[in-house]
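# Coordinates in review
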Amino acid sequence: MDEASSYIHKEQHCRNALKKIEFYRHNISSEDKEELLKVLDSIFLTTGDITKLFEEKFAQYINSNFAVGVMSCTHALELALRYFDIGPGDEVITTPMSFVATANVIEYVGAKPVFVDVEKTTGNINANLIEEAITSKTKAIIPVHLYGQICDMINIRKIADRHGLKVIEDSAHCVEGVRDDIRPGNLGDAACFSFYATKNLTCGEGGAITCNDVKMYKWLLQARQHGITSDAASRYTKKYVSYDVNFLGIKCNMSNIQAALMLHQIDRLDSLHNKRAEIVNLYDKALNDFSNLTILKVLSNVKHAYHLYTILVNASKRQSLLHALQEDGVGVAVNYTPIHLMTYYKNKYGYSIGDFPEAECIGASTISLPLYPKLNREEIDFVIDKLSKVVF
Ligand SMILES: Cc1ncc(COP(=O)(O)O)c(C=O)c1O
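Model, not experiment: these values are computed from the prediction. Numbers given for residues are sequential positions, taken from 1 along each chain in its written order. The model is predicted, so local features are restricted to residues of pLDDT at least 70 and side-chain atom pairs to those at 80 or more, both for listing and for counting; the totals for chains, interfaces and linings are taken over all residues.

## Overview of the site of the ligand
For the ligand, the set of nearby residues contains 14 residues, the closest of which are Ser72, Cys73, Thr74, Ala172 and Ser194. Only DSSP runs of H or I reaching four residues or more are called helices, and only runs of E reaching two or more are called strands; each is numbered from the N terminus. At the level of secondary structure, the elements contributing two or more residues to the shell around the ligand comprise helix H4 (73-83) and helix H5 (101-108). As a rule, any residue with its backbone-derived C-beta atom within 6 Å of a molecule or strand is reported as near that molecule or strand.

## What to know about the environment of valine 70
With respect to the secondary-structure elements, valine 70 resides in strand S1 (residues 66-70). Along the chain, valine 70 and cysteine 192 lie 122 residues apart, while their C-alpha atoms are 9.9 Å from each other. Non-local contacts of valine 70, meaning those with residues more than four positions away in its chain, are made with His75, Ala76, Leu79, Gly207, Ala208, Ile209, Arg224, Cys252, Asn253 and Met254. Distance between backbone-placed C-beta atoms decides contact: two residues are in contact if it is within 7 Å.

## Comments concerning the sheet that holds strand S3 (residues 112-115)
Any two strands are treated as partners once DSSP identifies two or more bridges connecting them. Pairing within the open sheet is mixed, and its 7 strands lie in the order S1-S8-S7-S5-S4-S2-S3. Edge positions in the sheet fall to S1 and S3, since each has one partner strand and no second. On average, adjacent strands in this sheet sit at an angle of 25° to one another, irrespective of strand direction. Packing against the sheet, helix H3 (residues 49-62) makes contact with S1 and strand S8 (207-211), and its axis sits at approximately 130° to S1. Axis geometry follows a simple rule: fit a line to the C-alpha atoms, using only the stretch in contact for helices, then measure angles between N-to-C directions, giving values from 0 to 180 degrees. The strands touched by helix H6 (residues 153-163) are strand S4 (138-142) and strand S5 (166-170); relative to S5, the strand with the most contacts, the crossing angle is about 150°.

## Quick look at the sheet that holds strand S12 (residues 366-369)
One open sheet holds the 3 strands; their spatial order is S9-S11-S12, and the pairing between them is antiparallel. Since the sheet does not close on itself, it has two edges, and those belong to strand S9 (294-295) and S12, each with one partner. Set on the sheet, helix H10 (residues 265-287) makes contact with S9, strand S11 (309-312) and S12; between it and S11 the angle comes to about 15°.

## Remarks on the environment of asparagine 256
Mapped onto the elements of the fold, asparagine 256 is located in helix H9 (residues 256-263). Exposed residues have 12 or fewer other C-beta atoms within 10 Å of their own C-beta, buried residues have 20 or more, and residues in between are partly exposed; the C-beta atoms are placed from the backbone. Given 28 C-beta atoms within 10 Å, asparagine 256 falls into the buried group. Put simply, asparagine 256 and proline 184 are 72 residues apart on the chain and 25 Å apart in space, counted from C-alpha to C-alpha. Not counting residues up to four positions away in its chain, the partners in contact with asparagine 256 are Val39, Phe44, Leu45, Thr46, Thr47, Gly48, Ile50 and Thr51.

## Things to note about the domain arrangement of the protein
Here the domain parsing of the protein yields domain 1 (3-19 + 267-391) and domain 2 (30-266). These domain limits were set by an automatic method or by a database of domain assignments. For domain 1 versus domain 2, the distance between C-alpha centres works out to 27 Å. Following the grouping adopted for this structure description, the nonpolar residues are Ala, Val, Leu, Ile, Met, Phe, Trp, Tyr, Cys and Pro, the charged ones are Asp, Glu, Lys and Arg, and the polar ones are all others, Gly among them. A breakdown of the residues in the side of domain 1 that touches domain 2 according to their chemical character gives 18 nonpolar, 7 polar and 5 charged.

## Brief notes about the nonpolar core
The biggest cluster of nonpolar side chains holds 99 residues, and the ones touching the most others in it are Ala76, Ala80, Cys192 and Ile209. Examining the composition of this core, we find that 7 residues originate from one element, H4, more than from any other. Both domains that meet at this core, namely domain 1 (3-19 + 267-391) and domain 2 (30-266), each give it at least three residues. For isoleucine 209, the residues in contact, after removing those within four places along its chain, are Val68, Val70, Ala76, Leu79, Ala80, Ala190, Cys192 and Leu220. Throughout this description, the term nonpolar core refers to a group of buried Ala, Val, Leu, Ile, Met, Phe, Trp, Tyr and Cys residues whose C-beta atoms join them within 7 Å.

Written out as structure tokens, the structure reads:
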């Protein structure tokens with residue numbers, strides 16, 4: 001190697017050493033920014049015409065009759081539980097392998113979360129175990145479409161119907177997903193979505209709830225704004241009418257600002273999903289050769305939303321692998337430590353290790369890798385290369 005190429009080689013080495021592959025980078029485009037500026041230049045920053053437009057587009061995309069924009073998926077889940085009148089004395093079946101919001105909302109309304117273990121191969125709630133967890137107090141099931149793969153909704157719906165239960169889908173990870181031609185919300189009584197900062201469709205913080213029942217839709221519109229009978233936009237655009245409160249809602253309405261950021265993202269969802277699929281394909285191909293890690297299964301009847309790409313490694317080495325990847329400049333995350341092992345849930349319900357072995361096994365060994373359309377080939381190779389060096 002001559003002096004010049006040796007210098008370039010060292011430079012490259014230094015740059016690589018300092019390289020940082022973020023865990024996530026958003027896809028807000030100039031078109032989204034322009035839409036946002038239009039709202040900022042208008043009179044109406046809060047819930048209004050742009051929120052409505054977004055809701056219509058989102059409902060159409062997801063193939064649901066109605067969508068209601070809220071401030072987060074957490075709010076959407078809470079509203080669904082409140083609509084179905086679930087509260088103290090009631091039980092709601094869900095999965096321990098989720099973000100803690102899924103169980104917290106059950107606590108918010110005063111009901112009890114009852115966990116059911118997950119499928120080893122997908123991490124989704126094991127529909128075969130649901131029935132034995134049902135008691136006379138059970139009112140609903142909250143399945144979570146983990147990482148973007150839809151749960152066994154056909155069976156979950158059948159079980160719910162046999163026992164007169166509601167199904168509220170936690171679809172925080174799954175906007176684009178399909179299973180057996182079924183989309184999120186098609187079989188559930190409601191589906192809840194997150195537009196949090198790292199989600200496939202995002203406005204930083206936001207959420208939506210979809211449903212097919214007009215009575216529920218009208219209730220949700222009112223419930224997201226304290227339960228008042230007319231919102232600010234209708235008081236502004238129509239003749240002023242004093243409002244009343246005829247039931248107690250919460251305050252979680254989506255603003256025009258949030259909606260503006262997502263109006264055009266919806267049109268790009270499918271092309272962005274294709275890019276995610278290409279990245280997943282590259283990861284899958286490369287990581288299949290790694291004997292020390294496992295990849296969760298994507299079922300053949302599923303279109304995965306590819307929200308998160310997770311690998312399973314040896315649990316005893318997980319922490320050191322996480323740190324090694326971080327030191328090498330690869331953004332990583334853990335999705336998730338099972339909810340029943342969080343101190344609040346352990347203290348309140350006496351859960352301990354061994355209660356939900358499959359969820360615990362995934363929770364102890366999972367690492368999420370960067371997955372977003374802006375990742376380029378060089379960055380993907382960089383992640384794979386670093387992984388190959390630390391995982392053996
Ligand atoms: C599975 C799951 N459910 C619910 C939520 C809550 O979403 P939000 O942050 O929009 O309230 C999240 C957030 O990441 C999630 O991953």
